[in-house]
Amino acid sequence: MSISLSSLILLTIWISMAQIQQGGPDEKEKTTALKDLLSRIDLDELMKKDEPPLDFPDTLEGFEYAFNEKGQLRHIKTGEPFVFNYREDLHRWNQKRYEALGEIITKYVYELLEKDCNLKKISIPVDATESEPKSFIFMSEDALTNPQKLMVLIHGSGVVRAGQWARRLIINEDLDSGTQIPFIKRAMDEGYGVIVLNPNENYIEVEKPKIHVQSSSESADEPAEKRERKDKVSKETKKRRDFYEKYRNPQREKEMMQLYIRENGSPEEHALYVWDHFIAQSAAENVFFVAHSYGGLAFVELMIQREADVKSKVTAVALTDSVHNVWHQEAGKTIREWMRENCCNWVSSSEPLDTSVESMLPDCPRVSAGTDRHELTSWKSFPSIFKFFTEASEAKTSSLKPALTRRSHRVKHEEL
C-alpha cells in the first residue's frame with residue numbers, strides 16, 4: 001500500500017511527539033513546539049500536494065463515457081456505470097472530476113433540449129446589452145402563441161440547470177429520471193406549449209482582477225534611482241512569495257468573482273422575470289406549472305408578488321417535494337385557499353403513488369410520489385401529474401359552460 005507525502009509528514013511528527021513525551025520535564029518545551037507546528041499545518045492544503053493536476057477532459061468522449069440507447073451513462077470500453085472513486089484516498093480530486101463531468105452533462109442536456117425537443121434558446125434579460133451578463137431559458141415554437149395550454153417547468157436549487165431535475169440521477173440512473181425531457185415531449189404531444197426555466201443561472205464568474213496598491217513611498221517626487229532599487233527588491237520578494245505559494249498550494253484555483261445577471265440574480269427573481277416578460281404575455285388560456293423542490297418556493301413567491309395575474313392565468317400547479325412554506329413566506333389567506341383548490345404536492349413517501357399524506361401546513365393537498373427519494377419525486381409522479389392537469393382543465397371547462405349557456409340565452413332573448 002502506497003503512503004502519501006502528507007501522511008509521512010504527519011506520521012513523523014506524531015512519532016517525534018510520542019518519543020518526546022516519554023522523556024522528562026525538560027522535553028515539555030519541545031512537545032509544546034511540536035504541537036504548535038502541528039496546529040499550523042493546514043491539512044487540506046497539505047493533501048493538495050499529493051493530488052494529480054485538476055485537469056479534466058471537456059467532452060464525454062474524453063472521459064470515455066457515453067449514453068447508451070436506454071439513456072444510461074456507461075464507460076465506452078467496459079460498459080460499467082460511472083465510478084466516483086476513480087482514485088482512492090483522493091476525495092477532493094474525485095469530487096472535482098465529478099463536477100467537471102457534471103458541467104459536460106449540463107451542456108449535453110442543453111443540446112438535447114434544442115435538437116431532440118426542438119426548443120429555442122432565448123437570451124435574458126431581453127434588453128441586455130452585448131457586454132452585460134446574460135442567462136437564458138428554453139421555449140417551444142408555440143409557447144407564446146398556443147391559445148390553449150402552456151406548461152412551465154421549474155427545477156430545484158443547486159448545480160442543476162434548465163432541463164434537469166437531478167444531476168445525480170442523470171449520471172447514476174438515466175436521462176429519463178434525471179431530466180425534464182419526458183415531460184417536455186409528452187406535453188408537446190398533448191398540445192401544450194412549453195417554457196423551461198433556468199432559475200440557478202444567476203451570475204457569470206470571471207477571474208478577479210489583481211489590484212496593485214500604491215504605497216506612500218511610490219510618490220512622483222521620489223528619486224528614480226531609489227524607485228528602481230525598491231522595484232527590484234519588490235520583484236524579488238514577489239518571486240519568493242510566488243515560489244512559496246506554488247509549493248504550499250500547487251493546486252490553487254483562480255480567484256473568481258461573480259457578476260450577477262440583471263433581474264435574474266436569484267431563483268425567485270428569475271421566476272418573476274420570466275412571468276412578466278413571457279408567461280403573462282402568452283396567449284394560452286390555461287397555464288400549468290411543474291415545480292420541484294426549491295422551484296415550489298419560487299412559485300409561491302411569484303404568487304405573492306403577482307397574485308391576481310397568477311389566479312387569472314394558471315389552471316393547476318404540480319409540486320414535487322416542494323420546500324415552500326406558506327408561513328415563512330407570509331402567503332396570505334387568499335393565496336392559501338387558491339393553492340388548496342389548484343395545487344397538489346407529490347412528496348417523498350414510502351406509501352404507494354397518489355396515497356394521501358398528512359400535512360402540517362394549511363396549503364395544498366399532499367400525496368405520495370411513490371418513492372422516498374427526494375430527487376426521484378418528479379419522475380415517479382410523472383403520469384399522475386399529467387392526469388391531474390387533464391382533470392383540472394376539464395373541470396375548468398365544465399365550470400364555464402353554465403355561464404356561457406346563460407350568456408347565449410341572454411343574447412338570443414335580446415335579439416328577439
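Residues numbered from 1 in each chain as written. Predicted model: local features only at pLDDT ≥ 70, side-chain atom pairs only at ≥ 80, totals over all residues. Heavy atoms only, no water.

Under the annotation held in an unreviewed UniProt entry, the protein chain carries the name Cotranscriptional regulator ARB2A isoform X1 and is attributed to Vicugna pacos.

For the rest of this paragraph, the subject is the overall build of the protein chain. Broken down by element type, the protein chain carries 15 helices and 13 strands. Relative to its full complement of 416 residues, the protein chain shows a buried share of 41%. (Helix = DSSP H or I, 4+ residues; strand = E, 2+ residues; numbered from the N terminus. Buried < 20%, exposed > 50% of the residue type's maximum accessible area, 1.4 Å probe, protein only.)

Take the side chain of E375 next. Secondary-structure assignment places E375 in the loop between β13 (366-368) and α14 (377-380). Looking at E375, the relative accessible area reads 12%, which means it is buried. At 3.1 Å, the side chain of E375 forms a polar contact with the side chain of R373. Setting aside residues up to four positions removed in sequence, E375 forms contacts with A166, R168, L169 and H292. (Polar contact = N/O pair within 3.5 Å; in protein donor to acceptor, adjacent residues only side chain to side chain. Contact = heavy atoms within 4.5 Å.)

With that out of the way, let us pick up the sheet that holds β13. Sheet strands pair by backbone hydrogen bonding; their relative direction is either parallel or antiparallel. The strand order across the open sheet formed by 9 strands is β3-β4-β6-β5-β9-β10-β11-β13-β12, and the pairing between neighbours is mixed. A strand with exactly one partner marks an edge of an open sheet, and here the two such strands are β3 (120-124) and β12 (356-357). Two strands pair when backbone bridges link them, and β12 and β13 are joined in this way by 2 bridges, in the antiparallel orientation. Bridging across to β13, S356 finds its partner in V367. Against the sheet, helix α11 (residues 294-305) contacts β5 (149-154), β9 (286-292) and β10 (314-320), and its axis sits at roughly 135° relative to β9. (Pairing = 2+ DSSP bridges. Axes fitted to C-alpha atoms, helices over the stretch in contact; angles between N-to-C directions.)

Another aspect to go through is the pattern of salt bridges. By the definition in use, this model includes 13 salt bridges. The partner of K77 in a salt bridge is E64, with the nearest N and O atoms 3.2 Å apart. Of the two residues, K77 sits in the loop between β2 (73-75) and α5 (91-115) while E64 sits in the loop between α4 (60-63) and β1 (65-67), which places them 13 residues apart along the sequence. On the basis of relative accessibility, which here comes to 65%, the residue K77 falls in the exposed class. We classify E64 as partly exposed; its relative accessible area is 30%. Notably, a salt bridge pairs E201 with R161, separated by 2.7 Å at the nearest N-O pair. Linking E201 in the loop between β6 (192-196) and β7 (203-207) with R161 in the loop between β5 and α6 (167-172), this pair joins segments that are 40 residues apart in sequence. (Salt bridge = Lys/Arg side-chain N within 4 Å of Asp/Glu carboxyl O.)

Remark: α11 packs on helix α13 (residues 333-342), axes separated minimally by 10 Å, with the N-to-C direction vectors making an angle of 130°. Taken together, the axes of α11 and α13 are oblique relative to one another. Judged by the twist between their axes, the crossing of α11 over α13 is right-handed. Two secondary-structure elements touch here, α11 through F299, V300, M303 and I304 and α13 through I335, W338 and M339. (Parallel < 35°, antiparallel > 145°, perpendicular 65-115°, else oblique. Left-handed = near helix turned anticlockwise from the far one by under 90°.)

Time to look at the environment of S282. One can find S282 in the loop between α10 (267-279) and β9. Those residues in contact with S282, other than ones at most four positions away along the chain, are A143, L144, L150 and K313. Among the polar contacts listed, one links the side chain of S282 to the backbone oxygen of I279, at a separation of 2.7 Å.

Here we come to a nonpolar patch on the surface. On the surface, a nonpolar cluster with roughly 190 Å² of combined accessible area is contributed by I204, M257 and L259. Positionally, M257 belongs in strand β8 (residues 256-260). (Patch = residues over 30% accessible without salt bridge, like charges linked within 9 Å, V, L, I, M, F, W, Y side chains within 5 Å. Areas by Shrake-Rupley, 256 points an atom, 1.4 Å probe, with all protein chains shown as cover.)

Bringing the packing of aromatic side chains into the picture now. Applying the stated criterion across every chain yields a total of 21 aromatic pairs. When the ring of Y192 is compared with that of F288, the centres are 5.6 Å apart and the planes differ by 75°; the resulting orientation is edge-to-face. You can see Y192 sitting in strand β6 and its partner F288 sitting in strand β9, a full 96 residues away along the chain. One exposure class covers both Y192 and F288, and it is buried. With 4.9 Å between their ring centres and 55° between their planes, F289 and F299 make a pair best called tilted. Of this pair, F289 sits in strand β9 while F299 sits in helix α11; the two residues are 10 residues apart in sequence, bridging distant segments of the chain. What links up through ring pairs into an aromatic cluster is the set W165, F183, Y192, F288, W346, W379, F382, F386, F388 and F389. Across from the ring centre of F136, 4.1 Å away, lies the NZ or CZ of K121, which sits over that ring. The ring of F382 has R186 sitting right over it, with the charged end atom 5.6 Å from the ring centre. (Phe/Tyr/Trp six-rings, centres within 6.5 Å; stacked < 30°, edge-to-face > 60°. Lys NZ or Arg CZ within 6 Å of the ring centre and 35° of its normal.)

Within the secondary structure, G163 is located in the loop between β5 and α6. Under the relative-accessibility criterion, G163 is labelled buried at 0%. With 10 residues separating them along the chain, G163 and L153 place their C-alpha atoms 8.3 Å apart. Ignoring any residue separated from it by four or fewer positions in sequence, one finds G163 in contact with V109, L113, T179, Q180 and V196.

Turning to the environment of G71, a few remarks are in order. Among the secondary structure elements, G71 is positioned in the loop between β1 and β2. If sequence neighbours within four positions are ignored, G71 has contacts with D174 and L175.

A separate point is the pairing of strand β11 (residues 343-347). For β11, the buried fraction is high: 5 of the 5 residues fall into the buried class. The two faces of β11 match: C343, N345 and V347 on one face and C344 and W346 on the other face are all buried. Where β10 lies against β11, 4 bridges are found, and the strand directions are parallel. Considered in β11, the bridge of A318 is made with C344. Pairing between β11 and β13: 3 bridges, direction parallel. Among the inter-strand pairings, W346 is bridged to a residue of β13, identified as V367.

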